[in-house]
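# Observations on the model geometry
Listed below are the residues making up each chain.
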Amino acid sequence: MSDQNLSLGRLAGLACLWEVCASKPGNVHRGADFDDLTFVDFAASAVAIGPSFDAAAQGARLGQIVLGAVQATRAAVNTNTNLGAILLMAPLAMAAGEATLREGVAPVLGSLDSADARLVYEAIRLAHPGGLGKVEEADVAGEPPADLLYAMRLAAERDLVARQYVNGFREVFDVIVAEIQEGQDRGQPLGQTIVRAQLRLMSEFPDSLIARKCGPAVAERSAVLAAAALAAGQPGDEAYHRAVADFDFWLRSDGHRRNPGTTADLVAAGLFAALLEGAITLPVKFY
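Described in the following lines is the structure provided in the data block.

Let us now look at the overall build of the protein. Looking only at helices and strands, the protein features 15 helices and zero strands. Taking 19 Å as the expected radius of gyration for a compact globule of 287 residues, we find that the protein reaches 18 Å, a close match to that expectation. In terms of overall dimensions, the protein has a C-alpha envelope of 50 × 45 × 30 Å along the principal axes. Counting the 287 residues in the protein, one finds 54% classified as buried. The long-range share in the protein, meaning contacts at least 24 apart out of those at least 6 apart in sequence, stands at 71%. By element, 51% of the accessible surface of the protein is carried by carbon and sulfur atoms, the whole surface being about 12,200 Å². Once the 24 positive and 34 negative side-chain charges of the protein are each reduced to a mean point, those two points are 3 Å apart.

See below:
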């Protein structure tokens, strides 16, 4: 972290900015807004969360970081732009400075208590994410559980963000950070690497938000199309860019209900982790 000469809050904001600047299929980016969600909303949110993540360096607990970041976001924009990313980046921020970030996350997750659960549930209700529905146990509209990890275990099969709390951020490290490191080793522009990381994650793990909004069959179809885009070639190949464009068109159909928002959250978290571990060094070639 010291090599970057940036605070935790600035690194978190930078990760979020890079995520939304990359031209990822189906997501908001600098060349594609939704009717009710814009690039400017995401940029403002990235700036707003900084102080809450800086508090991690001062010993703030996860619930405090998450709620503070969501409150700051809602003061800046009128919609949920980043709840999943905040939930994922908060444990990483708390683990910063450990021997390895991956090893540092486990004790952070093991230290979560009832106060963290209460504040996280408050943050989720304030963010009001789309497509949550209702569940019989540990529903966010009800009383928070004494153990936040228990609630995450209940949700892990249907939500990839919750699964990271259960499996030690496996997909963040093994897919997103690994793809970023590979792209950096090849000298690939970071924006292209981010798109490849998104496609790989979607191909292996159908997006949770698509599944909640459109059903598992549509989410599975999105995974097939992501895999086809990856198999079409590499950045610079005409077939690859045509396949990515076709995938983007399909995702943006049906009123943006196929927005792969959960994947975007993991991409932001992976970028944050890569910054913390020095897998990305500044300045970067983005395009």
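Read on for the rest.
Under the counting rule described, the total for this entry stands at three aromatic pairs. Consider the rings of Tyr165 and Phe169, whose centres lie 6.0 Å apart with planes at 40 degrees: the pair is tilted. Take Tyr165 and Phe169: they sit in the same class, and that class is buried. Summarising the aromatic geometry, the rings of Phe286 and Tyr287 are spaced 4.8 Å apart at their centres and angled 75 degrees between planes, so their arrangement reads as edge-to-face. In this structure Tyr287 comes out as partly exposed when scored by relative accessible area, which is 49%. Geometry around Trp250 places Arg258 over its ring, the cationic atom sitting 4.4 Å from the centre.

So, about the nonpolar core. Judged by nonpolar contacts, the single largest core of 75 residues is most densely connected at Phe53, Leu92 and Phe272. Those residues in contact with Phe53, other than ones at most four positions away along the chain, are Leu8, Gly9, Ala12, Ile65, Ala69, Ile86, Met89, Ala90 and Ala93. Within the second largest apolar cluster, 15 residues are counted, among which are Val195, Ile210, Ala229 and Trp250.

Attention shifts here to unusual backbone geometry. Residue Pro283 follows Leu282 across a cis peptide bond; omega there is -5 degrees. With a phi close to 65 degrees, Phe169 is a non-glycine residue in the positive phi region. In this fold, Phe169 is placed in the loop between helix H9 (160-167) and helix H10 (170-186). Here Phe169 falls in the buried class, since its relative accessible area comes to 0%.

Here Gln198 lies in helix H11 (residues 190-204). Residue Gln198 is classed as buried on the basis of its relative accessible area, which comes to 0%. Engagement of the side chain of Gln198 in a polar contact is seen with the backbone oxygen of Pro25, the distance being 2.9 Å. Once residues lying within four places of it in the same chain are set aside, the contact partners of Gln198 are Lys24, Pro25, Asn27, Pro260, Thr263 and Val267.

Helix H15 (residues 261-277) packs onto H9 with a crossing angle of 40 degrees between their chain directions and a minimal axis gap of 9 Å. Relative to H15, the element H9 is oriented oblique. Every residue of H15 that contacts H9 at Leu160, Val161 and Gln164 is listed here: Thr262, Asp265 and Leu266.

Taking 1.5 Å per residue as the helical rise, H15 with its 17 residues ought to reach 24 Å, and the 25 Å between its terminal C-alpha atoms agrees with that figure. Phi turns positive, to about 80 degrees, at Gly278, one or two residues after H15.

Parameters and conventions
Residues numbered from 1 in each chain as written. Predicted model: local features only at pLDDT ≥ 70, side-chain atom pairs only at ≥ 80, totals over all residues. Heavy atoms only, no water. Helix = DSSP H or I, 4+ residues; strand = E, 2+ residues; numbered from the N terminus. Rg over C-alpha atoms; globule rule 2.2 N^0.38 Å. Buried < 20%, exposed > 50% of the residue type's maximum accessible area, 1.4 Å probe, protein only. Contact = heavy atoms within 4.5 Å. Areas by Shrake-Rupley, 256 points an atom, 1.4 Å probe, with all protein chains shown as cover. Lys, Arg positive; Asp, Glu negative; His and termini not counted. Charge placed at Lys NZ, Arg CZ, Asp CG, Glu CD. Phe/Tyr/Trp six-rings, centres within 6.5 Å; stacked < 30°, edge-to-face > 60°. Lys NZ or Arg CZ within 6 Å of the ring centre and 35° of its normal. Core = buried A, V, L, I, M, F, W, Y, C linked by side-chain atoms within 4.5 Å. Polar contact = N/O pair within 3.5 Å; in protein donor to acceptor, adjacent residues only side chain to side chain. Axes fitted to C-alpha atoms, helices over the stretch in contact; angles between N-to-C directions. Parallel < 35°, antiparallel > 145°, perpendicular 65-115°, else oblique. Expected span 1.5 Å × (residues − 1).

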